[in-house]
Amino acid sequence: MTVLVFGASSQVGHFLLPMLGTRGENVIAISRSARSPQEGLTWMAGHLPDNVPRVDGISAIFNFGPLQSLAAWLNSVDLPLAPRVIATSSMSAESKRESEVPAERAMSQLLRDSEQALVTACARHGSEWTVLRPTLVYGVGLDKSLTPIAQRAMRLRVFPLPNGRGVRQPVHAQDLANAALAALETPASSGKILSIGGGERLPVGEMFARVRRSLPVDTLPIPLPAWSLRMARRGVARLRGPLSRLDADLIADNTEVIQLLGVHPRPFRPDADCWRAPV
């Protein structure tokens, strides 16, 4: 049997591929560029939805990229083994539903529509599926949220600390990979959209403070008072969404992930390695 992994070069794929390699199954990782094969792992060049190489005997599919592209590909191929499908979405499907920024509301709707498109495509093949909705993901220097902040602070040696009343629940990419693998092995998770956040909820200011303390260089903390954030929110269109969420709680209920999958995400204790991309 063959396990197919889309988004294999993502931060979640970085942790999942070695775990899959210990199972003794044939693992095919799809990447836009060719890579050297490893024991139990074959890299193939391709991308969703219309440039995927032919792979026979697919028993399971992991996807860590856009669901819409995966659904389009599933609707275009024959999969006689009705492979189990494990995919990631985002908690933005809910947290940005009522955003004051139209583009963010549209993105939230797209996520929910893409989840439903995946469900429909899986039904076409008779495939069981599980969708994981993570909160903010970090862990190996590939995320687009905390890592750019950390890397900019290391370069400039200053760290802005915004003031906000919201609560955050960052989830480590390895814990998300653990949940994805557990979903493959847990029939009870079939047909479910599962929220997953980190093992700790903390104020947004404390989250940023911990990122700063984890850096391998000293940085000057620059507190950003509420009045300055209000001005930036009104004056800089691209900051309106992120700044408006500083006072919102962006969290997930881990009850089902813990009960169904037996996964207990770690608390937010970042170190310097979290902000370095793998070589």
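Predicted model only: the values in this text are computed from it and were never measured.

Student: I tried to follow the packing of aromatic side chains on my own but got confused; where do I start?
Tutor: For any two aromatic rings, the description comes down to two numbers: the centre-to-centre distance and the angle of the planes. Summed over all chains, the structure comprises four aromatic pairs. Measuring from ring centre to ring centre gives 6.3 Å for F62 and F64, while their planes differ by 25°; the resulting arrangement is stacked. Here F64 falls in the buried class, since its relative accessible area comes to 13%.

Student: In this structure, what is going on with the environment of S95? I would like to understand it.
Tutor: Summarising the element assignment, S95 is placed in helix 3 (residues 92-95). Taking the relative accessible area as the measure of exposure, S95 reaches 34% and is therefore partly exposed. Put simply, S95 and A252 are 157 residues apart on the chain and 9.8 Å apart in space, counted from C-alpha to C-alpha.

Student: What am I meant to see in the packing of helix 5 (residues 146-156) against helix 7 (residues 204-214) here?
Tutor: The description of two helices packed together rests on the angle between their axes and the distance between the axes. Put simply, helix 5 and helix 7 touch, their axes get as near as 10 Å, and they point 50° apart. Here helix 5 is positioned oblique relative to helix 7, judged by the angle of their axes. In this structure, helix 5 meets helix 7 at a crossing whose hand is right-handed. Contacts from L146, I149 and A150 of helix 5 reach helix 7 at M207, F208 and V211. Per-class residue counts for the contact of helix 5 with helix 7 are six nonpolar, no polar and no charged.

Student: What is the right way to look at unusual backbone geometry in this model?
Tutor: Excluding glycine, residues mostly carry a negative phi; peptide bonds, for their part, are mostly trans. Omega for the bond connecting L48 with P49 falls within 30 degrees of zero, at 0°, which places this linkage in the cis form. Position of P49 among the secondary structure elements: in the loop between strand 3 (41-45) and strand 4 (58-63). Look at A82: it is not a glycine, yet its phi comes out positive at around 45°. Checked against the element boundaries, A82 lands in the loop between helix 2 (67-74) and strand 5 (84-88). Phi is positive for R157, which is not a glycine, with a value near 65°.

Student: Help me understand a nonpolar patch on the surface, please; the structure alone is not making it clear to me.
Tutor: Where nonpolar side chains cluster on the molecular surface, the patch consists of L156, V158, L220 and I222 and spans about 320 Å² of accessible area. With respect to the helices and strands, the residue V158 is situated in strand 8 (residues 158-162). On the basis of relative accessibility, which here comes to 31%, the residue V158 falls in the partly exposed class.

Student: Is there a simple way to think about the nonpolar core in this case?
Tutor: Where a protein is soluble and globular, its nonpolar side chains tend to be buried together. In terms of nonpolar packing, the biggest core is built from 34 residues, with V5, L17, L20, F62, L132 and L261 touching the most fellow members. Put simply, the parts of the chain that give this core at least two residues each are strand 1 (2-6), helix 1 (11-21), strand 2 (26-31), strand 3, strand 4, helix 6 (173-184), strand 11 (192-196) and helix 10 (255-261). The biggest single contributor to this core is helix 6, with nine residues. Other than its neighbours up to four places away in sequence, V5 contacts L17, L20, V27, I28, A29, I30, F62 and F64.

Student: Please explain the environment of L16 as it appears in this structure.
Tutor: Along the polypeptide, L16 turns up in helix 1. Given the relative accessible area of 0%, L16 is considered buried. A sequence separation of 162 residues divides L16 from N178, and the C-alpha atoms of the two residues are 7.3 Å apart. Excluding residues that lie within four positions of it along the chain, L16 makes contacts with F62, F64, A177 and L181.

Student: Just to check I follow, could you spell out helix 7 for this structure?
Tutor: Residues that lie three or four places apart on an α-helix share one face, since the helix turns once every 3.6 residues. Listed as buried for helix 7 are V204, M207, F208, A209, R210, V211 and S214. Turning to helix 7, the residues buried within the fold contact helix 5, strand 8, strand 9 (167-168) and strand 12 (202-203).

Conventions we followed
- Residues numbered from 1 in each chain as written.
- Predicted model: local features only at pLDDT ≥ 70, side-chain atom pairs only at ≥ 80, totals over all residues.
- Heavy atoms only, no water.
- Phe/Tyr/Trp six-rings, centres within 6.5 Å; stacked < 30°, edge-to-face > 60°.
- Buried < 20%, exposed > 50% of the residue type's maximum accessible area, 1.4 Å probe, protein only.
- Helix = DSSP H or I, 4+ residues; strand = E, 2+ residues; numbered from the N terminus.
- Axes fitted to C-alpha atoms, helices over the stretch in contact; angles between N-to-C directions.
- Parallel < 35°, antiparallel > 145°, perpendicular 65-115°, else oblique.
- Left-handed = near helix turned anticlockwise from the far one by under 90°.
- Contact = heavy atoms within 4.5 Å.
- Nonpolar A, V, L, I, M, F, W, Y, C, P; charged D, E, K, R; others polar.
- Patch = residues over 30% accessible without salt bridge, like charges linked within 9 Å, V, L, I, M, F, W, Y side chains within 5 Å.
- Areas by Shrake-Rupley, 256 points an atom, 1.4 Å probe, with all protein chains shown as cover.
- Salt bridge = Lys/Arg side-chain N within 4 Å of Asp/Glu carboxyl O.
- Core = buried A, V, L, I, M, F, W, Y, C linked by side-chain atoms within 4.5 Å.

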